[in-house]
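Tertiary structure, described
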Amino acid sequence: MSTSTTAPDRPATAAGEPATGVEQTQPLSILRRHWRRTLLIAVVVLWLILWAVLKGTQTLEIGGADKTDIHLWLNSVRDAFDSARDTSAVFQYVVQPITNGVNGLVTGLQSLFSQGSATRPVPEVGWLGVVALLAWLTFTFAGLRSTILVTVCVLLFGFFGYWQQSIDTLIVTFVAVILCAIVGLPLGIWMARSQRVSAIFTPVLDLMQTLPSFAYLAPLALVFGIGPAAAIVTTIIYSLPPLVRITEHGIRNVSPTTLEAVTSMGGTAWQTLVKVQLPMARRTIVVGINQCTMAALSMATIAALINGPGLGQPVLQSLQSLDVGGAFVSGLAIVLMAVMLDRTTTAASERSAVAARFQKRSRSGLMPGPRKRRILVTAGAVVAAIAVYLSHNYLALAKFPSSPDLGTPLANAISAATQWIVSTFAGFTGWLKDSVTALLVDPLQSLLAQSPWWVMVIVLLGVALALGGLRAAAVTLVCEAVILGTGLWNESMKTLATTLVATLLVIIAAMALGVWMGRSKVVDSVIRPVLDALQTIPSFVYLVPALALFGPTRFTAIIAAFCYGVPIATKLVADGIRGVSPVTVEASESMGTTSWQMISKVQLPMSRSAVVLAANQGLLYVLSMVVVGGLVGGGGLGYLVVAGFSQSQLFGKGLAAGISITALGVMLDRITKYTAARLGRV
């Protein structure tokens, strides 16, 4: 007689009885595992249904000249600020001294280096003295190659016809960087030495880095008025975070073994900082100064909207008059300045290694030794002093010569070339613009801006919850409330649509280029320097070629944002692909995996957190550029910010647009960051 046995993990059940144990919980576990995907699909389906039924209702759209109560209240706040400047103790004893001090500093430096004063028609130090001083300083801190680069670039500023504006830009940038260093270096050191201080300031720095540059302009103009003071304060706030963060990173990453050795020898905290941490972190700190300088230059050009001096003024005027040639030449001057500052500060960060090689070569007689170099620096100082004296006393050496004029012929040539390109390739550029607009921009904008506001509130909350979790949803809810409070919900959705389209294009390009770079060192060595160079270009400049090809439209803002966001996103994807374990790659190759299978099944899934981080950074870069695109017909919130500066009655609306941009940026940043963090834990 045989007996039947039942497997312990699959208990027998009578016919018709429900399954129990693992069989009963399996669907529930699957549902729990895929609830995010299920929620996301449900939200999208519900959204499409409600959009089809309720399209065009309760969109909160207002006319371009219409103002809500919040806009009128913000106008009254501006009026109150203006009237309080002469009566408020805060303005009289805090704000006004800062404003007067910064304006006086800038005016003094301008009369010294770039333009005449009330008592002298030319600056105290003429162009020859300025060139000699900059060359000497560069040789002292960065070496001979950088000296040649700086000398050539500074002379080109004058030959392009933008000597005064270029020196003004350098003045604003240098003043902002020096003030950033005075505040940022001690703060970074303090954060590195105290976890509590770091925990307090890190969220503030996160917010400062998240905000698009346009968001800073209106509030600071409200406090400091328009002019150099507001421009420099804006530039400081925008460029301070990278310096603080990199300084903290450099100090914190000094070898713990070294610190323990110094402590065991009785070294005090001050001695440890001065003798060990700062010297060992010097190169990293100089990299922070490099990033701070590049951010300051980028913001200094945009600050032209609040009457900041410098090269931003001719770029802005050329963009507003659709003068492509003039915009190109002034934009080229900004690019040259960016390259000059980037290469010089980078060379300064590598000076210790260069000095070591310099000393080694000097022993063989190939290069002058440190003593001879000090003689050269001293001789350079004497030559610079003589040049300063001559430029102060002789008009020909004080006022930059009007010939050779390279700017006018170059502007004319660019305008003619642009007209030829536009007329020759009008069919292609028109097709590209119309295709992207019809297939991507218009449908997405209709979905976002033509859905009832409460539907979009629910959709954004659902997407945030599905992708980033509860914390992302909580931040999204707060940001939605802020946007609704500004009365610019519809314009915010239009800006969001443009941002998402540009981000999609950025991610497609970054995935293609990044995977290619990550899988090939040769390709990486060719493409990465190009991406590095593109990252040095201030955002303002990207508008020029886009405007030349596509005219003042939304698509122009998308193209400029695409070019601005691709470099950072591509490098992050490439680094993520390269960071996949070589053991895993070799194991997959040994199993006969094809290249496409390797990419789609191994490398991209294992680097998904890097891909999401690339999407995060690409999105933030795109958002900052899309709102700047309001200058060239981009519409949305960026246009309202610009209108707020140009039309007094719309200042409140422009300020509200800046607040909406801030909320939009924070919301998108938190969703993508929490998504990246969640994927990194999976």
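A quick note: this is a predicted structure, and the numbers were derived from the prediction, not measured.

A word on the overall build of the protein chain. What the protein chain contains, in helices and strands, is 31 helices and 0 strands. In terms of C-alpha radius of gyration, the protein chain reaches 29 Å, essentially the compact-globule figure of 26 Å for 682 residues. Each principal axis of the C-alpha distribution contributes one length, and for the protein chain these read about 120 × 70 × 60 Å. Counting only residues that meet the buried cut, the protein chain has 48% of its 682 residues in that class. Pairs at least 24 apart in sequence give 80% of the contacts found in the protein chain among residues at least 6 apart. As presented, the protein chain carries roughly 32600 Å² of accessible surface, and 67% of it is formed by carbon and sulfur atoms. Put simply, the protein chain has 45 plus and 28 minus side-chain charges, and the middle of one group is 12 Å from the middle of the other.

Turning to helix α4 (residues 89-113), a few remarks are in order. With 25 residues, α4 ought to run about 36 Å at 1.5 Å a step, and its terminal C-alpha atoms sit 35 Å apart, in line with that. At Val 95, α4 shows its maximal kink, close to 40 degrees; a proline, Pro 97, follows between one and four residues later. The set of residues buried in α4 consists of Phe 91, Val 95, Thr 99, Val 102, Val 106, Gln 110 and Ser 111. Buried positions along α4 lie against α3 (69-84), α7 (163-193), α9 (214-224) and α10 (228-252). With a side-chain oxygen lying 3.2 Å from the backbone nitrogen of Val 90, the N-terminal cap of α4 falls on Ser 88.

The next thing to look at is a nonpolar patch on the surface. A contiguous nonpolar surface patch, about 640 Å² in accessible area, is contributed by Trp 420, Ile 421, Phe 425, Phe 428, Trp 431 and Leu 549. Counting residues per element, the ones that place at least two in the nonpolar patch are α19 (407-424) and α20 (426-449). Note on Phe 428: relative accessible area 48%, which makes it partly exposed.

Within the largest apolar cluster, 154 residues are counted, with the highest numbers of intra-cluster contacts made by Phe 214, Met 340 and Leu 631. Ignoring anything within four residues of it in the chain, the contact list for Phe 214 reads Ile 302, Leu 305, Val 627, Val 628, Leu 631, Gly 638, Val 641 and Val 642. By size, the runner-up hydrophobic cluster in this structure holds 9 residues, among which are Ala 192, Ile 251, Val 262 and Val 276.

Let us look at the packing of helix α8 (residues 195-210) against α10. Two quantities define a packed helix pair, namely the angle between the axes and the distance from one axis to the other. Following both chains from N to C, one finds α8 and α10 inclined at 145 degrees, their axes separated by 9 Å at the closest point. Note on packing geometry: the crossing formed by α8 with α10 is left-handed. Packed against α8, whose contacting residues are Gln 195, Ser 198, Thr 202, Leu 205, Asp 206, Met 208 and Gln 209, the element α10 presents Ile 237, Leu 240, Pro 241, Pro 242, Val 244, Arg 245, Glu 248 and Arg 252 at the interface. Among the residues forming the contact of α8 with α10, the class breakdown is 7 nonpolar, 4 polar and 4 charged.

Tracing the chain through its elements places Ser 146 in helix α6 (residues 144-159). Those residues in contact with Ser 146 that sit more than four places away from it in its chain are Thr 138, Arg 343, Thr 344 and Ala 347.

Summarising the element assignment, Leu 406 is placed in the loop between α18 (395-398) and α19. Other than its neighbours up to four places away in sequence, Leu 406 contacts Leu 156, Phe 159 and Phe 160.

Taken as a whole, this structure holds 10 aromatic pairs when the rule is applied. Aromatic pair Trp 420 and Phe 425: ring centres 6.1 Å apart, planes at 85 degrees, arrangement edge-to-face. We classify Trp 420 as exposed; its relative accessible area is 53%. Aromatic rings pair up to connect Trp 127, Phe 159, Trp 163 and Phe 400 into one cluster.

Attention now moves to the confidence of the model for the protein chain. Considering every residue of the protein chain, the mean pLDDT works out to 84; 92% of them sit at 70 or more. Looking across the protein chain, the model is least confident in helix α16 (residues 351-363), with a mean pLDDT of 50, and most confident in helix α22 (residues 470-486), with 94. Contacts of residues 1-25 to residues separated by more than four positions or lying in other chains number 5 contacts, the stretch itself having pLDDT below 50. With pLDDT under 50 throughout, residues 362-368 is counted as low confidence; its partners more than four residues away or in other chains account for 9 contacts.

Tracing the backbone through its elements, the reader meets Ala 300 in helix α13 (residues 282-302). If sequence neighbours within four positions are ignored, Ala 300 has contacts with Val 172, Thr 173 and Thr 235.

Okay, the pattern of salt bridges next. This structure, assessed with the given rule, holds 14 salt bridges. Shared partners join several salt bridges into a network, and the residues in it are Asp 524, Arg 528, Asp 575 and Arg 578.

Structurally, Ser 198 can be placed in helix α8. Since its relative accessible area comes to 9%, Ser 198 is described here as buried. If we ignore the near neighbours within four places in the chain, the residues touching Ser 198 are Met 191, Glu 248 and Arg 252.

A separate point is unusual backbone geometry. Here the amide bond leading from Ser 403 into Pro 404 is cis, since omega sits at 5 degrees, within 30 degrees of zero. Relative to the elements of secondary structure, Pro 404 occurs in the loop between α18 and α19. The residue Gln 58 is not glycine, and still its phi comes out positive at about 50 degrees. Summarising the element assignment, Gln 58 is placed in the loop between α2 (35-54) and α3. One non-glycine residue, Leu 60, adopts positive backbone phi at about 60 degrees. Along the chain, Leu 60 falls in the loop between α2 and α3.

Cut-offs used in this document
- Residues numbered from 1 in each chain as written.
- Predicted model: local features only at pLDDT ≥ 70, side-chain atom pairs only at ≥ 80, totals over all residues.
- Heavy atoms only, no water.
- Helix = DSSP H or I, 4+ residues; strand = E, 2+ residues; numbered from the N terminus.
- Rg over C-alpha atoms; globule rule 2.2 N^0.38 Å.
- Buried < 20%, exposed > 50% of the residue type's maximum accessible area, 1.4 Å probe, protein only.
- Contact = heavy atoms within 4.5 Å.
- Areas by Shrake-Rupley, 256 points an atom, 1.4 Å probe, with all protein chains shown as cover.
- Lys, Arg positive; Asp, Glu negative; His and termini not counted.
- Charge placed at Lys NZ, Arg CZ, Asp CG, Glu CD.
- Expected span 1.5 Å × (residues − 1).
- Bend = angle between axes of the 7 residues up to and from the residue.
- Polar contact = N/O pair within 3.5 Å; in protein donor to acceptor, adjacent residues only side chain to side chain.
- Patch = residues over 30% accessible without salt bridge, like charges linked within 9 Å, V, L, I, M, F, W, Y side chains within 5 Å.
- Salt bridge = Lys/Arg side-chain N within 4 Å of Asp/Glu carboxyl O.
- Core = buried A, V, L, I, M, F, W, Y, C linked by side-chain atoms within 4.5 Å.
- Axes fitted to C-alpha atoms, helices over the stretch in contact; angles between N-to-C directions.
- Left-handed = near helix turned anticlockwise from the far one by under 90°.
- Nonpolar A, V, L, I, M, F, W, Y, C, P; charged D, E, K, R; others polar.
- Phe/Tyr/Trp six-rings, centres within 6.5 Å; stacked < 30°, edge-to-face > 60°.
- pLDDT = per-residue confidence, 0-100.

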